[in-house]
Amino acid sequence: GLEHRERADQQAITDIRAAIGQMESRTKAGNPIQAKLEVAQRLRTLSDDAKDKLVPLCKEALEARCTRHFRSMVSGEYARFNAKFEAQSEPWLEGPKGQQVFVSTMSGAQKRAFGLAFTLAVADVAGTEAPIVIDTPVGNMDSEYRGRVLKYVAEAAPGQVIFLSHDEEIYGPYVDVLKPKTLQTSLVSFEQVADGAGVSKVMDGRYF
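Only a predicted model underlies this, so the values are computations on that prediction, with no experimental measurement involved.

(A) Molecular detail of the overall build of the protein. If you tally the helices and strands in the protein, you get five helices and seven strands. Listing the helices and strands of the protein from first to last along the sequence gives α-α-β-β-β-α-β-α-β-α-β-β. Dimensions of the protein along its principal axes, counting C-alpha atoms only, are 105 × 55 × 35 Å. Burial analysis of the protein (208 residues in total) assigns 23% to the buried set.

Next up, the structure:
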């Protein structure tokens, strides 16, 4: 008799579960907003799981690309150093024996080269060909760096590069270095008409 009652109770539980499932289905069908929220929550969970796996891979790729670009622009002093990034620290270069050189301690030219290397690395990892706009890219670099850096950035960028320069930065031999990659030059003149106000004029096809 107990076994008979147990089977009857199990059947009743099964029937109740089926009824609950039907009610949930009707509730979802009658409430599309709730259904969308549940889908969004599932997508968010999947996105969080993917982020935890992708962030380390992205960081490794960014470090490798930044290292390659930086080594190509600077002298042999850092030929065996690798770029490193951590969320709670400023970027640094790590040597073969574990020595650390923080970017803030490098010379002005080396800092600028590192910034350009990082910009190129982000473009590489992002897989985009969006234009890169660089304002006074080699303003604090001497002749040893200037031509090499300009030529490298123009050739290594995945898409268009727009250099903004003044008349004592990219001139003479440095303009010649960029000529094979130059599609357009424009000269911007500024005329002051009042304190803190003026008019800029863009002349295509001209340069300093």
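(B) Region of interest: helix H3 (residues 108–126). Helix length check: H3 (19 residues) gives 27 Å between terminal C-alpha atoms against 27 Å at 1.5 Å per residue, within 8%. Residues Ala109, Gln110, Ala113, Phe114, Leu116, Ala117, Leu120, Ala121, Ala123 and Asp124 constitute the buried set of H3. Gly127 sits one or two residues past H3 and shows a positive phi near 65°.

(C) Structural detail: the pattern of salt bridges. On inspection of all chains with the given rule, the structure shows six salt bridges. Asp124 is paired through a salt bridge with Arg68; the nearest N and O atoms lie 4.0 Å apart. Residue Asp124 is found in helix H3, and its partner Arg68 is found in helix H2 (residues 32–73); the two are separated by 56 residues along the sequence. Judged by relative accessible area, which is 19%, Asp124 ranks as buried. Note that Asp176 is salt-bridged to Lys179, the shortest N-O span being 3.6 Å. On the basis of relative accessibility, which here comes to 45%, the residue Asp176 falls in the partly exposed class. By relative accessible area, which is 54% here, Lys179 ends up exposed.

(D) Inspection of the pairing of strand S6 (residues 186–194) at higher detail. As judged from the eight bridges shared by S6 and strand S7 (residues 197–204), these two strands associate in the antiparallel manner. Bridge pairing links Glu191 to Val199 in S7. The loop that links S6 with its antiparallel partner S7 comprises two residues; one of these, Gly196, has a positive phi angle of about 75°.

(E) Quick look at unusual backbone geometry. Located in the positive-phi region is Thr136, a residue other than glycine, with phi close to 40°. Tracing the chain through its elements places Thr136 in the loop between strand S4 (132–135) and helix H4 (143–156). Look at Thr136 and you get partly exposed, because its relative accessible area is 31%.

(F) Just the sheet that holds strand S1 (residues 82–86), in detail. With antiparallel pairing, the three strands of this open sheet are ordered in space as S1-S2-S3. Of all the strands in the sheet, the pair left with one neighbour each is S1 and strand S3 (100–102). Ignoring strand direction, the axes of neighbouring strands in this sheet form an average angle of 35°. Relative to S3, strand S2 (residues 89–94) runs antiparallel, the two being bridged by three bridges. Within S3, the position partnered with Glu94 by the bridge is Gln100.

(G) Spatial organisation of the pairing of S4. Here S4 shows one buried face, formed by Ile132 and Ile134, and one open face, formed by Val133 and Asp135. Looking at chain direction, S4 and strand S5 (residues 161–164) are connected through four bridges and run parallel. Bridging from a neighbouring strand, Ile132 pairs with Val161 of S5. Each parallel crossover has a hand, and the one from S4 via H4 to S5 is right-handed.

Conventions and cut-offs
- Residues numbered from 1 in each chain as written.
- Predicted model: local features only at pLDDT ≥ 70, side-chain atom pairs only at ≥ 80, totals over all residues.
- Heavy atoms only, no water.
- Helix = DSSP H or I, 4+ residues; strand = E, 2+ residues; numbered from the N terminus.
- Buried < 20%, exposed > 50% of the residue type's maximum accessible area, 1.4 Å probe, protein only.
- Expected span 1.5 Å × (residues − 1).
- Salt bridge = Lys/Arg side-chain N within 4 Å of Asp/Glu carboxyl O.
- Pairing = 2+ DSSP bridges.
- Axes fitted to C-alpha atoms, helices over the stretch in contact; angles between N-to-C directions.
- Right-handed = clockwise from strand over helix to strand, strands pointing away.

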